[in-house]
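Residues per chain, in single letters:
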Amino acid sequence: MTTTPPRTGDPELDHALAAFAARTARLEEVTRLLSETTGRGESAGGQVTVELSATGSLAGLRLDPRALRLGSDALAEAITEAFRRAEEDVARRSHDLARTAFDP
């Protein structure tokens, strides 16, 4: 957690230190938000849903009862596809959020 920098008496240095402290606080907030980011992917017409954490760990898997009728190969493909879509989603969300840390 950042704090307000002490005043030096030099207006330019004080301004630079305050700007640095504000940027650091924003980076800390973005880091926190990134750690909470999740991604979601669906396949087989919504019968399979995967949710991933920002680190790529499986956070949730939902199988509609109809998905169980797909057969083992088709179900495996549907889970893999939903996982891939969740990876893309969490990557996109993370990228968009990280980009905000560097916006003016």
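What counts and how
- Residue indices follow the written sequence of each chain, beginning from 1 at its first position.
- Given that this is a predicted model, residues contribute local features only at a pLDDT of at least 70 and side-chain atom pairs are listed and counted only at 80 or more, while totals for whole chains, interfaces and linings are drawn from all residues.
- Side-chain metrics in this entry use all non-hydrogen atoms of the structure; hydrogen atoms and water are not considered.
- Among the buried residues, those of types Ala, Val, Leu, Ile, Met, Phe, Trp, Tyr and Cys that are joined through side-chain atoms within 4.5 Å form a nonpolar core.
- Relative accessibility thresholds used throughout: buried, under 20% of the residue-type maximum; exposed, over 50%; partly exposed, between the two (1.4 Å probe, protein chains only).
- Each helix is a run of DSSP H or I of at least 4 residues and each strand a run of E of at least 2, with the numbering of both proceeding from the N terminus.
- Note on contacts: a residue pair qualifies if any of its non-hydrogen atoms lie within 4.5 Å across the two residues.
- We define a polar contact as two N or O atoms separated by no more than 3.5 Å, with the added condition that, inside protein, one atom must be a possible hydrogen donor and the other a possible acceptor, whereas residues neighbouring each other in sequence contribute only through side-chain atom pairs.

(A) Structural view of the nonpolar core. Ranked by size, the top nonpolar core spans 8 residues in total: Val-48, Val-50, Leu-52, Ala-67, Leu-75, Ala-78, Ala-82 and Ala-86. Of all the secondary structure elements, the ones that give two or more residues to this core are β2 (48-53) and α2 (72-100). Ranked by residue count, the leading element in this core is α2, at 4 residues. If we skip the residues at most four places from it in the chain, Ala-67 touches Gln-47, Val-48 and Leu-75.

(B) Molecular detail of the environment of Arg-99. You can see Arg-99 is positioned in helix α2. Note: C-alpha distance between Arg-99 and Arg-84 (15 residues apart in sequence) is 22 Å. Among the polar contacts made by the side chain of Arg-99, one reaches the side chain of Asp-96 at a distance of 2.7 Å.

(C) Structural view of unusual backbone geometry. Although it is not a glycine, Ala-44 adopts a positive phi angle of roughly 50°. Looking at the secondary structure, you find Ala-44 in the loop between β1 (38-43) and β2.

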